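Remarks on the overall topology
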Amino acid sequence: MSDAEWLERAEPTRVAVDEFQFRLKATKTELRQMNADTHGGDCLANQIASGESISSGSTSYGGERINEDGTAERLVGCRVCGAMCTITYSTDLHSAVVEDKPYDAINVAEAPQPNPWMELGTFDDCKAGKVEVPADASALTEPVNLNQEQRQIVKIFSGAAD
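Residues numbered from 1 in each chain as written. Predicted model: local features only at pLDDT ≥ 70, side-chain atom pairs only at ≥ 80, totals over all residues. Heavy atoms only, no water.

**Let's talk about the pattern of salt bridges**
Following the criterion strictly, the structure yields four salt bridges and no others. As a salt-bridge pair, Arg 14 and Glu 11 come within 2.5 Å of each other at their nearest N and O atoms. Judged by relative accessible area, Arg 14 falls into the partly exposed class, the value being 24%. Glu 73 is paired through a salt bridge with Arg 65; the nearest N and O atoms lie 2.2 Å apart. Note on accessibility: Glu 73 and Arg 65 belong to one class, buried. What emerges from the salt-bridge pattern is a single network uniting Glu 11, Arg 14, Arg 65 and Glu 73. (Salt bridge = Lys/Arg side-chain N within 4 Å of Asp/Glu carboxyl O. Buried < 20%, exposed > 50% of the residue type's maximum accessible area, 1.4 Å probe, protein only.)

**Considering the environment of Cys 78**
With respect to the element layout, Cys 78 can be found in strand 4 (residues 71–78). With a relative accessible area of 6%, Cys 78 lands in the buried category. Placed 44 residues apart in sequence, Cys 78 and Thr 122 show a C-alpha to C-alpha distance of 9.5 Å. (Helix = DSSP H or I, 4+ residues; strand = E, 2+ residues; numbered from the N terminus.)

**Looking at the packing of aromatic side chains**
As enumerated under the stated definition, the model contains one aromatic pair in all. Here Phe 20 and Phe 123 contribute two aromatic rings whose centre-to-centre distance is 5.3 Å and whose plane-to-plane angle is 80°, an arrangement assigned as edge-to-face. Placement of the pair is Phe 20 in the loop between strand 1 (15–16) and strand 2 (21–24) and Phe 123 in the loop between strand 6 (107–110) and strand 7 (129–132), with a sequence separation of 103 residues. This pair shows no difference in class: Phe 20 is buried, exactly as Phe 123 is. (Phe/Tyr/Trp six-rings, centres within 6.5 Å; stacked < 30°, edge-to-face > 60°.)

**With respect to the nonpolar core**
Ranked by internal contacts, the top residues of the largest apolar core, which has 29 residues, are Phe 20, Ile 48 and Phe 123. Taken together, the elements giving at least two residues each to this core come down to helix 1 (28–37), helix 2 (44–50), strand 4 and strand 5 (84–90). Discounting residues that sit within four places of it in the chain, Phe 20 has contacts with Val 15, Ala 45, Ile 48, Ala 49, Val 108, Phe 123, Val 131, Glu 132 and Val 133. (Core = buried A, V, L, I, M, F, W, Y, C linked by side-chain atoms within 4.5 Å. Contact = heavy atoms within 4.5 Å.)

**What to know about the state of the cysteines**
Counted according to the given criterion, the structure contains zero disulfides. Distance from the sulfur of Cys 78, which forms no disulfide, to the nearest cysteine sulfur (Cys 81) is 4.0 Å. Cys 85 takes part in no disulfide bond, and the closest cysteine sulfur to it belongs to Cys 78, at a distance of 9.1 Å. (Disulfide = S-S within 2.5 Å.)

Here it is in structure tokens:
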């Protein structure tokens with residue numbers, strides 16, 4: 001399905017996977033518990049930074065968009081913390097995505113704002129560690145439209161607050 005109109009927006013700052021830094025802070029026991037609590041969901045930030053394939057442990061939203069340069073992109077969310085981003089990947093892997101198999105990220109960009117699924121998470125919500133990206137891509141790690149208090153209120157009303 002390539003009808004992802006919601007990805008139509010001003011060109012976001014894209015961060016190459018090797019510039020997406022992640023420092024794990026959770027212990028192995030804590031990570032196992034997070035994965036169990038989310039029914040097998042893996043930490044999306046850890047997957048991106050380690051160069052692992054983005055797996056079914058993350059949630060894909062809507063269809064993919066095929067870009068003019070031959071890549072494809074999709075909105076992906078972390079099942080552990082709710083952080084959302086747009087993952088760009090090679091269309092050589094298109095059949096793998098259509099078949100819902102893991103795929104490799106080329107770069108990462110912020111999720112479209114406002115997000116049509118009302119998920120307002122960014123990687124500052126990461127429960128497993130700390131994400132660092134170049135300053136011009138701060139929309140990946142900082143609240144975009146809401147301050148911390150407003151974001152907490154949204155989380156409480158949606159039942160996602162810790």
